Amino acid sequence: PIGWSKKVVLMLMIITCVSLGIFNFRVSIQPGTVAENNTDLMKAYFIREYSDPDSVIYIAGSGNGYEKGKIYVLYFSGREVRVVDWALGSSAGKLDGLRNLLAQDKNRNVYVLSELVESGPVLTNLAALHSLEVGQIQKSFSDYDPTEVARFSKGFALYALNEVE
């Protein structure tokens, strides 16, 4: 009788593990293999579609913004990425790092995500993280007269930066 109860418990454990594995695959893993279910990937495809192949894309790169854009834009859009969070932390003057990057990209096609030019939680959090005002970050981009190119969804759009005399 003792051997029989161990076999029942073992069988129940195996059945439970297999059932959880199947459930996990169907609910979590399998849906992620469909591109349309991966919003971050679809945003990268959107950027690829609406930006020039040799362009540079500025993203916040922190907090609740397009965090995965650091990787997704590079690999799935084929565009260079400038992470503003890193640029703001790269120099004592904070905004100097961002301004230097923008100056380096002067003769390139430059785009910026709406999370950096439109007021919202991403920009608010980024500014707070670096002890800046939202307007200071926005001004760094507004100096280049950003023009909306396309909108993916509410709160996510692509802007082209223009040269300003």
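All values derive from a computational prediction rather than experimental measurement.

In terms of regular secondary structure, the protein chain is built from seven helices and five strands. In the protein chain, the succession of α and β elements from N to C terminus is α-α-β-α-β-α-α-β-α-α-β-β. Overall size of the protein chain, expressed as C-alpha extent along the three principal axes, is 90 × 35 × 25 Å. Going through the 165 residues of the protein chain one by one, you find that 36% of them count as buried. Look at the contacts in the protein chain between residues 6 or more apart in sequence, and 63% of them connect residues 24 or more apart. Carbon together with sulfur atoms contributes 58% to the accessible area of the protein chain, which is approximately 9,800 Å² in total.

What follows concerns the packing of helix H2 (residues 39-50) against helix H3 (residues 69-77). In contact at an axis separation of 9 Å, H2 and H3 are set at 55° when each is read in the N-to-C sense. The pairing of H2 with H3 is recorded here as oblique in orientation. In this structure, H2 crosses over H3, and the sense of that crossing is right-handed. Seen from H2, the contacting residues are Asp-40, Leu-41, Ala-44, Tyr-45, Ile-47 and Arg-48; seen from H3, they are Tyr-72, Val-73, Phe-76 and Ser-77. Of the residues in the contact of H2 with H3, the class split is seven nonpolar, one polar and two charged.

Another point: the pattern of salt bridges. The tally for this structure, following the rule as stated, stands at eight salt bridges. The salt bridge involving Arg-108 is made with Glu-80; its shortest N-O contact spans 2.8 Å. Here Arg-108, found in the loop between helix H5 (95-104) and strand S3 (110-113), pairs with Glu-80, found in strand S2 (residues 80-83); they are 28 residues apart in sequence, far enough to count as distant. Residue class for Arg-108 comes out partly exposed when judged on its relative accessible area of 31%. For Glu-80, a relative accessible area of 32% translates into the label partly exposed. Of the charged contacts, one joins Lys-139 and Asp-143 as a salt bridge, the two residues approaching to 2.5 Å between their closest N and O atoms. Take Asp-143: its relative accessible area is 37%, and that puts it in the partly exposed class.

Judged by nonpolar contacts, the single largest core of 24 residues is most densely connected at Tyr-58, Leu-116, Ile-137 and Phe-141. Listing elements by their share of this core, those giving two or more residues are strand S1 (56-59), helix H4 (84-88), H5, S3, helix H6 (121-129), helix H7 (134-142) and strand S5 (156-160).

It is worth spelling out H5 at this point. For H5, every residue scored as buried is listed here: Leu-95, Gly-97, Leu-98, Leu-101 and Leu-102. Seen from one end, H5 has its buried residues packed into an arc of 160°, which puts them on one side. For H5, the secondary structure elements touched by its buried residues are S1, S2, H4 and H7.

This next bit is on the sheet that holds S2. Here five strands make up an open sheet; going across it, the order is S2-S1-S3-S5-S4 and the pairing mixed. A single partner strand is all that each edge strand has here, and the edge strands are S2 and strand S4 (147-153). Here the average twist between neighbouring strands, direction ignored, is 25°. For S1 and S2, the ladder comprises four bridges, and the chain directions are parallel. By the bridge assignment, Val-56 is partnered in S2 with Glu-80.

How each quantity is defined
Residues numbered from 1 in each chain as written. Predicted model: local features only at pLDDT ≥ 70, side-chain atom pairs only at ≥ 80, totals over all residues. Heavy atoms only, no water. Helix = DSSP H or I, 4+ residues; strand = E, 2+ residues; numbered from the N terminus. Buried < 20%, exposed > 50% of the residue type's maximum accessible area, 1.4 Å probe, protein only. Contact = heavy atoms within 4.5 Å. Areas by Shrake-Rupley, 256 points an atom, 1.4 Å probe, with all protein chains shown as cover. Axes fitted to C-alpha atoms, helices over the stretch in contact; angles between N-to-C directions. Parallel < 35°, antiparallel > 145°, perpendicular 65-115°, else oblique. Left-handed = near helix turned anticlockwise from the far one by under 90°. Nonpolar A, V, L, I, M, F, W, Y, C, P; charged D, E, K, R; others polar. Salt bridge = Lys/Arg side-chain N within 4 Å of Asp/Glu carboxyl O. Core = buried A, V, L, I, M, F, W, Y, C linked by side-chain atoms within 4.5 Å. Arc of directions from axis to C-beta. Pairing = 2+ DSSP bridges.

These figures come from the coordinates and say nothing about function on their own.
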